[in-house]
Amino acid sequence: MKCAKCGAELKEGYLYCEHCGEDVHMVPDFEPEIENSIHKTLEGIVKDVTEGDEIRESEIGEDKDAVQKAGRVRKQDRRSRTEKWHNKLLILICCILVCAVVVAAIVSGIAKYRYNSLDYQLKQAYACIAREETEEAVTYYERAIELNGQNASLRMELAEFYRDLGSNEKYMEQLRIVADSSYASEEQIERAYNKMISAYASEGRYQEINELLETCRDANVINANQIYVAKTPEFSYPEGTYAEVVPLKLSSNASGIIYYTMDGSEPDENSEIYMAPIFLETGDYEICAVFVNEFGIRSDMVRKIYHIDVIRPAAPEVQVYSGEYNVPMMIRVEVPEGCTVYYTTDGSVPTDQSARYYGSIPMPLGKSEFRFIMYNEEEVSGDVTTREYELTLNTELTVDAACHNVAQALVDRGKLLDLSGIVPGVEGLYQYDFQYALTIKEQGDFYLISEIYVDTAGVRAKTGTNYVVDIYSGAVYKLVTDARGKNLLEEF
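Residues numbered from 1 in each chain as written. Predicted model: local features only at pLDDT ≥ 70, side-chain atom pairs only at ≥ 80, totals over all residues. Heavy atoms only, no water.

Digging into the sheet that holds strand 11 (residues 323-325)
Step number 1: Strand order in the open sheet formed by five strands is 11-18-17-14-15, and the pairing between neighbours is mixed. Taken across any chain shown, the strands that pair with only one partner, and hence form the sheet edges, are strand 11 and strand 15 (355-356).
Step number 2: Strand direction decides the pairing type here: strand 14 (residues 340-344) and strand 17 (residues 366-375), joined by five bridges, are antiparallel. Residue pairing in the sheet places Tyr 342 in a bridge with Ile 373 of strand 17. (Pairing = 2+ DSSP bridges. Helix = DSSP H or I, 4+ residues; strand = E, 2+ residues; numbered from the N terminus.)

See the structure below:
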């Protein structure tokens, strides 16, 4: 059997043409023939009735009785023929009705078969695609999915048609069904997620991407799209009670900014920006933080409560009190075991980044101010101890004169060619700088002068040789230290 439209050979049992999609007519077009048959039958019945009457009237003649008798006969015959005609008409109508029912049943069966045939719906969809009838193709695809809803490939294809028609909502709906399904393959799920993410990104809807990835179960998709994820900031310490200072660190999973508050209020773009560890010392803290990534996606807020109970160290105990002094003094500080002391001399508040106290500090000439602070093992600081001094020595020998005496003594002994600091056969110069005043037990009070080498580039460095000058007599000595750390004077 061949297709009436394109002439292609039809396969047995198929109700449509695979080549052009044309429906196959299983029942011949017999309606006009039935109509003609009915018309001819009715005409025959009417003719028989009329001819019978005419014959009987001619046979009877003008005999009145015969006419009456013939009339009665004719009535009976007419009644009989009418009944027969009615019976034939009834039979004919019944046949027509039966035929109509059969035709309707066949047509209905064909329509029902096609409506419930996945293969037919797909064939029609493909035929519509070939004719570029997108909307009609979508209708067939929708019915195909009703027949086989667990076909991820069909849903992906339908999604693309929705996108072509500009129906982004239905496009995303089909992709989401595939992404959340248990019947789709891993590759199909990843494709669905990536298409949704691409669609959101093209519209700048980054918050939706973040929400989508938060519910995603596919590790490959999450890892490939970390830049869109804004997870809550992570705290380096769990909330709770601590007996030590907590250097709290906040971190995020991607590039962005962490905003935080320390009073329990919700942070926003006007809050503190986390850049370095937050040191929680003694007290109660309620830290709230949010993360905003480079796409402006904001994470949920995270809140942590800390109770810090740390014993602060005492203020450093400085043995030399503030005041005026006229003899060299060494400033000493008591440092308990496990603690560290730092100090400043410029009036600033000392921290653990200031100069560290290692031992006695010579009191400078003139006015000076020292500030000391102590840190314990937990790096908790105490209060600051401040000392103000004024050291004035009872001598007419100045610091500059003492430095000159050292250079002159070296010239006199042939160590230097002249007071400018030239040494025979050595490039560069030697200079002598005042360091501080000190008292040497059983020897007296002295100015400490250090030898400095200055190279041809002007770089200065201590040579390690020190001299002392008696602040009263001006005598010059070389300062040496024995194995026990005791200062000794050496003449030269």
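Past the structure itself, the notes keep going.
Details of the pairing of strand 21 (residues 460-470)
Step number 1: With eight bridges joining them, strand 20 (residues 444-454) and strand 21 adopt antiparallel strand pairing. From the neighbouring strand, Phe 446 faces strand 21, where its bridge partner is Asp 470.
Step number 2: The turn linking strand 20 back onto strand 21 is made up of five residues, and Gly 458 within it adopts a positive phi angle of 90°.
Step number 3: Where strand 21 and strand 22 (residues 476-481) come together, four bridges link them in antiparallel fashion. Note on strand 22: the bridge partner recorded for Tyr 467 is Lys 478.
Step number 4: Counting the residues in the hairpin turn of strand 21 and strand 22 gives five residues, including Gly 474, whose phi is positive at 85°.

Description of the nonpolar core
Step number 1: Core analysis: the largest hydrophobic core is formed by 56 residues, its most contacted members being Tyr 193, Phe 235, Leu 248, Leu 250, Leu 280, Tyr 306 and Ile 308.
Step number 2: Excluding its chain neighbours within four sequence positions, the residues that come into contact with Leu 248 are Phe 235, Ser 236, Tyr 237, Tyr 274, Pro 277, Ile 278, Leu 280, Ile 287 and Tyr 306.
Step number 3: With 34 residues, the next largest nonpolar core counts Val 333, Tyr 430, Tyr 467 and Ile 471 among its residues. (Core = buried A, V, L, I, M, F, W, Y, C linked by side-chain atoms within 4.5 Å. Buried < 20%, exposed > 50% of the residue type's maximum accessible area, 1.4 Å probe, protein only. Contact = heavy atoms within 4.5 Å.)

Observations regarding the pattern of salt bridges
Step number 1: Counting across every chain of the model gives 13 salt bridges.
Step number 2: Two residues, Arg 298 and Glu 266, come together in a salt bridge whose shortest N-O distance is 3.6 Å. Residue Arg 298 is found in the loop between strand 8 (283-293) and strand 9 (302-308), and its partner Glu 266 is found in the loop between strand 5 (256-261) and strand 6 (272-273); the two are separated by 32 residues along the sequence.
Step number 3: Its relative accessible area of 26% is what places Arg 298 among the partly exposed residues.
Step number 4: Three or more residues joined by partner-sharing salt bridges are found here, namely Glu 160, Arg 163 and Lys 195. (Salt bridge = Lys/Arg side-chain N within 4 Å of Asp/Glu carboxyl O.)

Description of the side chain of Arg 155
Step number 1: Considering the arrangement of structural elements, one finds Arg 155 in helix 5 (residues 152-164).
Step number 2: Within the buried set, Arg 155 has no salt-bridge partner at all; the shortest N-O distance to an opposite charge, 6.9 Å, is to Glu 173.
Step number 3: In this structure the side chain of Arg 155 is engaged in a polar contact, spanning 2.8 Å, whose partner is the side chain of Gln 174. (Lys, Arg positive; Asp, Glu negative; His and termini not counted. Polar contact = N/O pair within 3.5 Å; in protein donor to acceptor, adjacent residues only side chain to side chain.)

Digging into the confidence of the model for the protein
Step number 1: For the protein, per-residue confidence averages 86 on the pLDDT scale, and residues scoring 70 or more make up 85% of the total.
Step number 2: Looking at the elements of the protein, mean pLDDT is at its lowest for helix 1 (residues 31-60), recorded as 52, and at its highest for strand 14, recorded as 98.
Step number 3: Contacts of residues 26-31 to residues separated by more than four positions or lying in other chains number five contacts, the stretch itself having pLDDT below 50. (pLDDT = per-residue confidence, 0-100.)

What to know about the sheet that holds strand 20
Step number 1: Here we have five strands laid out as an open sheet, ordered 19-20-21-22-23, and antiparallel in their pairing. Taken across any chain shown, the strands that pair with only one partner, and hence form the sheet edges, are strand 19 (429-440) and strand 23 (487-490). For this sheet, the mean inter-axis angle between neighbouring strands, taken without regard to orientation, is 35°.
Step number 2: Sheet strands touched by helix 10 (residues 399-412): strand 19, strand 20, strand 21 and strand 22. Its angle to strand 19, the strand with the most contacts, is close to 120°. (Axes fitted to C-alpha atoms, helices over the stretch in contact; angles between N-to-C directions.)

Thoughts on a nonpolar patch on the surface
Step number 1: A cluster of nonpolar residues, Val 98, Val 102 and Ile 106, forms a patch on the protein surface that exposes about 230 Å² of accessible area.
Step number 2: Topologically, Val 102 is positioned in helix 2 (residues 64-115). (Patch = residues over 30% accessible without salt bridge, like charges linked within 9 Å, V, L, I, M, F, W, Y side chains within 5 Å. Areas by Shrake-Rupley, 256 points an atom, 1.4 Å probe, with all protein chains shown as cover.)

Looking at a negative patch on the surface
Step number 1: A contiguous patch of negative charge on the surface is contributed by Glu 244, Glu 337, Glu 377 and Glu 378.
Step number 2: Looking at where Glu 377 falls in the secondary structure, it is placed in the loop between strand 17 and strand 18 (385-391).
Step number 3: According to the relative accessible area criterion, Glu 377 is exposed, its value standing at 64%. (Charge placed at Lys NZ, Arg CZ, Asp CG, Glu CD.)

Structural notes on unusual backbone geometry
Working note: non-glycine residues mostly have negative phi, and peptide bonds are mostly trans.
Step number 1: Positive phi, normally seen in glycine, also occurs at Glu 132, with a value near 60°.
Step number 2: As for its position among the elements, Glu 132 is in the loop between helix 3 (118-130) and helix 4 (134-147).
Step number 3: Unlike most non-glycine residues, Glu 442 shows phi in positive territory, near 65°.
Step number 4: Topologically, Glu 442 is positioned in the loop between strand 19 and strand 20.

Quick look at helix 4
Step number 1: The terminal C-alpha atoms of helix 4, which comprises 14 residues, lie 20 Å apart, in line with the 20 Å expected from a rise of 1.5 Å per residue.
Step number 2: Burial in helix 4 covers these residues: Ala 137, Val 138, Tyr 141, Arg 143, Ala 144 and Ile 145. (Expected span 1.5 Å × (residues − 1).)

A look at the packing of helix 6 (residues 168-180) against helix 7 (residues 186-202)
Step number 1: One way to put it is that helix 6 packs onto helix 7 with a least axis distance of 8 Å and a crossing angle of 145°. Here helix 6 and helix 7 pass one another in a crossing that is left-handed. Together, Tyr 171, Met 172, Leu 175, Arg 176, Val 178, Ala 179 and Asp 180 of helix 6 and Gln 188, Ile 189, Ala 192, Tyr 193, Lys 195, Met 196, Ala 199 and Tyr 200 of helix 7 make up the contact between the two elements.
Step number 2: Here the contact of helix 6 with helix 7 is built from residues that sort into eleven nonpolar, one polar and three charged. (Left-handed = near helix turned anticlockwise from the far one by under 90°. Nonpolar A, V, L, I, M, F, W, Y, C, P; charged D, E, K, R; others polar.)

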